[in-house]
Amino acid sequence: MTIEKIEAQTKAFAAQRTAVITEAAQMQIELDAVHKRFAPNVRKQVEQLIALQADLTASLEASPELFPAGNQSRVFDGIKVGYQSGKASVAGVDATVTVVKLELLRDEAKKQANRERLERIAGALTYQPKLIDAGLRKLTPEEQAEIGIHIAPGAQSVLIKPAQEEAYKAVESTIKAVMAATQDL
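So, how was this worked out
Residues numbered from 1 in each chain as written. Predicted model: local features only at pLDDT ≥ 70, side-chain atom pairs only at ≥ 80, totals over all residues. Heavy atoms only, no water. Helix = DSSP H or I, 4+ residues; strand = E, 2+ residues; numbered from the N terminus. Buried < 20%, exposed > 50% of the residue type's maximum accessible area, 1.4 Å probe, protein only. Contact = heavy atoms within 4.5 Å. Areas by Shrake-Rupley, 256 points an atom, 1.4 Å probe, with all protein chains shown as cover. 1 Å grid on protein atoms, 1.4 Å probe; cavity = no way out; pocket = protein on both sides within 12 Å on 5 of 7 lines; lining within 4 Å. Points joined across faces, edges and corners; volume = space filled by probe spheres on them. Nonpolar A, V, L, I, M, F, W, Y, C, P; charged D, E, K, R; others polar. Pairing = 2+ DSSP bridges. Polar contact = N/O pair within 3.5 Å; in protein donor to acceptor, adjacent residues only side chain to side chain. Axes fitted to C-alpha atoms, helices over the stretch in contact; angles between N-to-C directions. Parallel < 35°, antiparallel > 145°, perpendicular 65-115°, else oblique. Left-handed = near helix turned anticlockwise from the far one by under 90°. Salt bridge = Lys/Arg side-chain N within 4 Å of Asp/Glu carboxyl O.

Things to note about the overall build of the chain
- A count of helical and extended segments in the chain gives six helices and two strands.
- Residues classed as buried in the chain amount to 9% of the 185 residues present.
- Once local pairs closer than 6 in sequence are excluded, the contacts in the chain between residues at least 24 apart make up 21%.
- Taken as a whole, the chain presents about 16400 Å² of accessible surface, with 58% of it coming from carbon and sulfur.

Right, dumping it as C-alpha cells:
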C-alpha cells in the first residue's frame, strides 16, 4: 500500500460523496415542492378533522346514557366510539419513602415468617443491580482483579471524515435522512 493509492481512493470517495450529496439535494428540492403543493390542503383537512373530533367528543360527553355498562362502545363506519374504563393507577407514591416503608414491612414479615406477605412485598419491589462503567474505572487495580475485570485501552479505528466539521455533520444528517426515507423504495 502506498500513500498515492490511499490518495486516489480518498479522491474516489470524495467524488462519490459529492454525487450522493447532489442527488440527495435534488431529491430534497423535489420533496419540498411536493410538500409545498399538498401541505395547505392537508393542514385544512387536519383542522377539519380536529373540529369534527371535538364535536363528536362533546356529543359523547353529553350522552353517556347511550353507552350503558356492558355496552360502553359501538363501531360506526369503522370508528369505535363510546366510553372505556381507565386503568387503575397508583397514587401518592414517593418512590424513596415507599421503598423504605416496603423494606420495613419486609423485615417485619421476615421476623414473623409470613411467607405470603413476603411474596406480596417482593412483587412490589424489584432490585436490578446495574454496572456503571465510570464507577468500575474508579476501582483500584486490586479491586478490579478481585472482581475479575480489567480496563482494556481503547482501540484505534479507521477515520474517514471531511475536515469541515459542520459541513460533515450536515451531510451525514442528510445522508441518514435520505437513507431512512428511501428504505422502502
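Some points on unusual backbone geometry
- Notably, Asp 77 is not glycine yet its phi reads approximately 55 degrees, a positive angle.
- Note on Asp 77: relative accessible area 82%, which makes it exposed.
- A positive phi angle, close to 55 degrees, is found at Ala 113, a residue other than glycine.
- As for its position among the elements, Ala 113 is in the loop between helix H2 (95-112) and helix H3 (115-124).

Brief notes about the layout of surface pockets
- Its volume calculated, the second largest pocket comes out at about 170 Å³.
- Taken together, Leu 56, Leu 60, Ser 73, Lys 80, Val 81, Gly 82, Tyr 83 and Gln 84 form the lining of the second largest pocket.
- Only helix H1 (3-62) and strand S2 (79-82) provide two or more residues apiece to the lining of the second largest pocket.
- No other element matches the three residues that S2 contributes to the lining of the second largest pocket.
- Residue composition of the lining of the second largest pocket, grouped by class: four nonpolar, three polar and one charged.

A look at the pairing of strand S1 (residues 73-76)
- Sheet analysis places S1 next to S2, joined by four bridges and oriented antiparallel. Looking across to S2, one finds that Ser 73 is bridged to Gly 82.
- Hairpin connection, S1 to S2: the antiparallel pair is bridged by two residues, and Asp 77 has positive phi, about 55 degrees.

Regarding the environment of Asn 114
- Structurally, Asn 114 is set in the loop between H2 and H3.
- At 3.1 Å, the side chain of Asn 114 and the backbone nitrogen of Arg 117 are in polar contact.

Considering the packing of H2 against H3
- Taken N-terminus to C-terminus, the directions of H2 and H3 make an angle of 155 degrees; their axes are 9 Å apart at the nearest point. By the angle between their axes, H2 is roughly antiparallel relative to H3. Considering the relative orientation of H2 and H3, their crossing is left-handed. Within the contact between the two elements, H2 uses Leu 102, Leu 105, Arg 106, Glu 108, Ala 109, Lys 110 and Gln 112 and H3 uses Arg 117, Leu 118, Ile 121 and Ala 124.
- Tallied by class, residues from the contact of H2 with H3 come to six nonpolar, one polar and four charged.

Thoughts on the pattern of salt bridges
- Within the structure shown, the criterion is met by four salt bridges.
- Note that Lys 11 is salt-bridged to Glu 7, the shortest N-O span being 3.6 Å. Linking Lys 11 with Glu 7, this pair stays in helix H1, spanning four residues, or about one helical turn.
- With relative accessibility at 45%, the residue Glu 7 sits in the partly exposed group.
- For Glu 119, the salt bridge goes to Arg 115, with nearest N and O atoms at 3.3 Å. Here Glu 119 pairs with Arg 115, and both are found in helix H3, just four residues apart, close to one helical turn. For the residue pair Glu 119 and Arg 115, the accessibility class agrees, reading exposed in each case.

Keep in mind that these numbers describe shape and distance, not what the molecule does.
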